[in-house]
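In case you want the letters, here they are:
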Amino acid sequence: ECLIRFGHMLPGGIIGNYVMWMTDANIARWDSTPGGKYSNEPQDLTFVYAPYRAIYAVGARFRGLWRGYGSPVDSGAYAVELSEERFQGQYEFKIDQPGQNGGDLTRLAEHFCFWIAETIDVPATRVEYARVNVNGIDRGLHHDLLTPSRDFSKSWFNDSDPQVFKHVGWIGEP
């Protein structure tokens, strides 16, 4: 299934535009998946690195320990999974709200910490900024994160088959 949107105007500038399109059925499925907001089951969408590239059959889910979000269209942070092709060299990336959900008004502290680690050659998350738009709703500035994963391990340690462990979290996130 491919979604196409006509007449979608994007802001200009040097920051990339990440556009996600979901059908109403997939939004409803996102809300009704067993486990609800804590489910790691990706839901189908079309991802567009606007205005350059569209990637179909992409999966996304809410990410993070605190998932007190409403609809996937107007709130939340996402884990985005690509099954057949890479985006910026990776099969999975995270879209996160900068500023620790309002705790850092500069929206730079997290990025600065990762920059320090990278500067002293310590394995660190790659952080870039992107403007996020979901079904025509401008979600504003977000982080695009490369967090510990197979792609991360390959880029830092040249290991394409690492053991990656995930903490279950303080509220039992799967």
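Refer to the structure printed above.
Note that this is a predicted model, so its numbers are computed, not measured.

A. Just the packing of aromatic side chains, in detail. Summed over the entire model, instances satisfying the criterion amount to 13 aromatic pairs. Between Phe47 and Phe93, the ring centres sit 5.4 Å apart and the planes meet at 65°, which makes this aromatic pair edge-to-face. Of this pair, Phe47 sits in strand E2 (residues 43-50) while Phe93 sits in strand E5 (residues 92-96), and the two are 46 residues apart along the sequence. One exposure class covers both Phe47 and Phe93, and it is buried. Arranged with centres 5.7 Å apart and planes meeting at 40°, the rings of Tyr49 and Tyr52 form a pair that is tilted. Assessed through its relative accessible area of 24%, Tyr49 is described here as partly exposed. The exposure class assigned to Tyr52 is exposed, which follows from its relative accessible area of 66%.

B. Main features of the sheet that holds E5. If you trace the seven strands once around the closed barrel, you get E1-E2-E3-E4-E5-E7-E6, paired in mixed fashion. Each strand of the sheet is rotated relative to its neighbour by a mean of 40°, with strand direction disregarded. In this sheet, strand E4 (residues 78-82) lies alongside strand E3 (residues 53-62) in antiparallel orientation, the contact comprising five bridges. In the strand pairing of E4, Phe62 is matched with Tyr78. Running over the sheet, helix H1 (residues 24-32) touches E2, E3 and E4 and is turned about 120° from E2.

C. Representation of the pairing of strand E7 (residues 137-146). The buried fraction of E7 amounts to seven of the 10 residues, a majority that puts the element mostly inside the structure. Pairing of E5 with E7, which is carried by three bridges, proceeds in the antiparallel orientation. Within E7, the residue paired with Lys94 across the bridge is Leu145. Here strand E6 (residues 126-134) runs beside E7; their pairing, made up of nine bridges, is antiparallel. Across the sheet, the residue bridging to Arg131 is Leu141, located in E7. Hairpin geometry of E6 and E7 is characterised by an intervening segment of two residues between the two adjacent antiparallel strands and by a positive phi of about 50° at Asn135.

D. View of unusual backbone geometry. Here the phi dihedral of Ala57 falls at roughly 55°; this positive angle occurs in a residue that is not glycine. Tracing the backbone through its elements, the reader meets Ala57 in strand E3. Phi angles above zero are rare outside glycine, and Asn135 is one such case at about 50°. Position of Asn135 relative to the elements: it lies in the loop between E6 and E7.

E. Here's a closer look at the nonpolar core. Of all hydrophobic cores here, the largest spans 21 residues; its most connected members are Tyr18, Met20, Phe47, Tyr78, Val80, Phe93 and Ile95. Counting residues per element, the ones that place at least two in this core are strand E1 (16-21), H1, E2, E3, E4, E5 and E6. If you tally residues by element for this core, the top one is E3, at four residues. Setting aside residues up to four positions removed in sequence, Phe47 forms contacts with Tyr18, Val19, Met20, Arg53, Ala54, Ile55, Val58, Phe87 and Phe93.

Definitions and cut-offs
- Residues numbered from 1 in each chain as written.
- Predicted model: local features only at pLDDT ≥ 70, side-chain atom pairs only at ≥ 80, totals over all residues.
- Heavy atoms only, no water.
- Phe/Tyr/Trp six-rings, centres within 6.5 Å; stacked < 30°, edge-to-face > 60°.
- Helix = DSSP H or I, 4+ residues; strand = E, 2+ residues; numbered from the N terminus.
- Buried < 20%, exposed > 50% of the residue type's maximum accessible area, 1.4 Å probe, protein only.
- Pairing = 2+ DSSP bridges.
- Axes fitted to C-alpha atoms, helices over the stretch in contact; angles between N-to-C directions.
- Contact = heavy atoms within 4.5 Å.
- Core = buried A, V, L, I, M, F, W, Y, C linked by side-chain atoms within 4.5 Å.

Read these as layout, nothing more, since geometry by itself doesn't imply function.
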